[in-house]
Amino acid sequence: MLSLVLLLCLVSTSLSQEVLQNGDMESVTSGIPTGWGCNKCVSSATNMSHSGQSALLPSGRTARWQGPSHKIDVEPGKFYKASLWVRLVNDVSGEMFQSAKIVINVGLLDGTKTRLTVARDRRIRVEDGWIQMKGDFTVPSNAKTTAKITVNDFLPGVDFLVDDVSVQQLVEWTTWRQDTDVSITSLRTSKINVNVTLPDNIDRSDVRVVILQKKKSYPFGMAINSDEYTQGEPKYRDFVNQHFNWAVTKNSLKWKIMERKQGERNYDRAFIPINTLKSHGIKVRGHNIVWGTTDQHVPDWVKPLYGDDLRQAVTTRVTDIVSKTRDMVEHWDVNNEILHGYFFEKRVNNANYSLDIFSLAHQTAPNVKMFLNDYNVLSKSYSTGAYVTQALQFQAAGVGLYGIGAQCHFNDGTIPSPTILKARLDTLAEVGLPIWVTELSIVSDNYTKLADMFETVLRVLYAHPAVEGIMFWGFWGPIHGYGEQAALVSGPEFTINAAGERVLDLFENQWMTRKYRKLSLFGDQFSVDGFHGDYLVKVTYQGQELVDKRTTFTLGSSPHTVTLSVP
Ligand SMILES: *[C@@H]1O[C@H](CO)[C@@H](O)[C@H](O)[C@H]1NC(C)=O
Ligand SMILES: *[C@@H]1O[C@H](CO)[C@@H](O)[C@H](O)[C@H]1NC(C)=O
Ligand SMILES: *[C@@H]1O[C@H](CO)[C@@H](O)[C@H](O)[C@H]1NC(C)=O
């Protein structure tokens, strides 16, 4: 029994590596959770706990940066994840939502300090009850080994509770390359079993089976500039049609672009390219129905609207565009980036208004899959946890949320390590809904580096079981939102650069199946791992194709058997 307990202890320490003492607030000294301070405020223990007997209640805060804090030991250069539960007890009148942050303060060897924002949630309400905040941080390599975790950003004057705080070192994922290969094979391929029957007197070296994947079914998509696609550089249109099976219009479906004047809607600009895409077998995501982080993304005529006038305008927009595109788009990004702002909620004075918009979109076209779409979720740590909270709320409200759109703009010249990227994906996947990478872009000053960055990111994404599709946010330098530094195809000459070559090699060679099998080498029955998609199988005998033996099939998630008799 003792050895079992010892063993369990050993196993759990090697898995969790908790670095925070008394994160559960259960140890209390003189009315204060042991080890917890408060930056120019007072931390007290309270029995209004998330779990166990006690939680932490700060008081006397007079500035947003003040809040409960605790020292932690950290190792320079290492990755950590942090999480905690927080509950807003009272509101400040006039504020619809409160914002909270998890911050890590680290001293550097040169005597300066740096502050890392681990998580930020801007949409906290009293009625949410306990919510979990989570995120990750990387300790700078020139840091000292002690740091401090703080919960702050709430307005002074609100009361909040903190409980079950955890900081754990993330075990570095050193074998990510091999592991992603294994996961990609297990998730994205199935067995193709080939069974050839033939008389004994035929020489097996004369018989060859050719297995050719003609189309992939995993969604790899591209955002298009509608005008360029419809009437611009023909190579632009051809590149999209040739290399991608999904697409999204970058701007032309947006409310602000489509309906500059109330009631005068330019549908053609979006619908013409969408219909062309569909005629090429390319599926389309709709982006986006409304976008209200601030008033800058709504049409000018919407900016002055309040209350019922705004509701009416939004209802008309949602029902009009969603019903008109019902048979054109597979997905809609419903209310873009609502983690980061709430124009509509404030103007109609209803903190739940995004749920109403979502539900209306879903009811207008129940067969179209409806998404949230937001940023700093995989590219940065700030919003990963807040997105989980939001998605869980949408899911619980039953408004028809199908999936989570994660934008993925890696636009500061770096990408997260595979360890971090996978940790963020795992966090998002806790919601239990499909994840779509909706707007992948990466910036680098060097196309060789850009190629490596794309490969790393694509491998980790494609190897993750919750990631159901991956959409790029542009490819051609001259019109790319992030410029030539983010391009797969460069300049007016339309040159596929090193990053473009790498991406196409992954999509069309490494992650497509083409096999040539001589029976003398592989036997009359053999199997291959085939990437999911549409196949053509051919047989040649003495160098001539036996044309009547051609067979086609679609390979999905179960094995497929091809039976052939030769000659
Ligand atoms: C191959 O196909 C033949 C003829 O249909 C069948 O009798 C045999 O059992 C199959 N063999 C395997 C290994 O599937
Ligand atoms: C907001 O929506 C949630 C989930 O449907 C519900 O529990 C809550 O009561 C609503 N709040 C208001 C103020 O309507
Ligand atoms: C681009 O990056 C590669 C790989 O890191 C490096 O070998 C090469 O020298 C760089 N090229 C330029 C022009 O900096």
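Worth saying up front: this structure is predicted, and the values here are computed from it rather than measured.

Some details on the site of ligand 2
Here's step 1: Around ligand 2 sit Glu-127, Asn-352, Leu-355 and Ala-397, and those are all the residues in its vicinity.
Here's step 2: Glu-127 is positioned with one of its side-chain polar atoms (N or O) 3.2 Å from a nitrogen atom of ligand 2.
Here's step 3: For ligand 2, the accessible surface in isolation is 360 Å², of which the surrounding protein chains cover 36%.
Here's step 4: Residues of the shell around ligand 2, tallied by class, amount to two nonpolar, one polar and one charged.

Some thoughts on the confidence of the model for the chain
Here's step 1: Per-residue confidence for the chain gives a mean pLDDT of 95; residues scoring 70 or more make up 97%.
Here's step 2: In this model, residues 1–15 is a region of pLDDT below 50 whose contacts with residues beyond four sequence positions or in other chains number one contact.

Comments concerning the site of ligand 1
Here's step 1: Close to ligand 1 lie Asn-195, Thr-197, Gln-525 and Thr-563, which account for all nearby residues.
Here's step 2: Between ligand 1 and Asn-195, the relevant distance is 2.4 Å, taken from an oxygen atom to a side-chain nitrogen or oxygen of the residue.
Here's step 3: Relative to its unbound accessible surface of 360 Å², ligand 1 loses 31% to contact with the protein.
Here's step 4: Broken down by class, the residue content of the shell around ligand 1 amounts to no nonpolar, four polar and no charged.

A closer look at the nonpolar core
Here's step 1: Within the largest apolar cluster, 121 residues are counted, with the highest numbers of intra-cluster contacts made by Leu-440, Phe-454, Leu-458, Ile-470, Phe-472 and Phe-475.
Here's step 2: Counting residues per element, this core draws most heavily on helix 12 (residues 447–462), which supplies nine residues.
Here's step 3: Each of domain 2 (179–213 + 512–565) and domain 3 (226–509) gives at least three residues to this core.
Here's step 4: Apart from the residues within four sequence positions on either side, Leu-440 is in contact with Gln-407, Cys-408, Phe-410, Phe-454, Val-457, Leu-458, Ile-470, Met-471, Phe-472 and Trp-473.

Quick notes on the sheet that holds strand 13 (residues 189–197)
Here's step 1: Reading across the sheet, the three strands line up as 27-13-31 and stay open at both edges, with mixed pairing between neighbours. One side of each edge strand has no neighbouring strand; the edge strands of this open sheet are strand 27 (525–531) and strand 31 (560–565). Strand-to-strand twist of the sheet, defined as the mean angle between neighbouring strand axes without regard to direction, takes the value 25°.
Here's step 2: When strand 13 meets strand 27, the two strands line up antiparallel, connected through seven bridges. Following the sheet pairing, Val-194 is matched in strand 27 by Phe-526.

Parameters and conventions
Residues numbered from 1 in each chain as written. Chains lettered and ligands numbered in written order. Predicted model: local features only at pLDDT ≥ 70, side-chain atom pairs only at ≥ 80, totals over all residues. Heavy atoms only, no water. Near = heavy atom within 4 Å. Polar contact = N/O pair within 3.5 Å; in protein donor to acceptor, adjacent residues only side chain to side chain. Areas by Shrake-Rupley, 256 points an atom, 1.4 Å probe, with all protein chains shown as cover. Nonpolar A, V, L, I, M, F, W, Y, C, P; charged D, E, K, R; others polar. pLDDT = per-residue confidence, 0-100. Contact = heavy atoms within 4.5 Å. Core = buried A, V, L, I, M, F, W, Y, C linked by side-chain atoms within 4.5 Å. Buried < 20%, exposed > 50% of the residue type's maximum accessible area, 1.4 Å probe, protein only. Helix = DSSP H or I, 4+ residues; strand = E, 2+ residues; numbered from the N terminus. Domains from an automatic or database assignment. Pairing = 2+ DSSP bridges. Axes fitted to C-alpha atoms, helices over the stretch in contact; angles between N-to-C directions.

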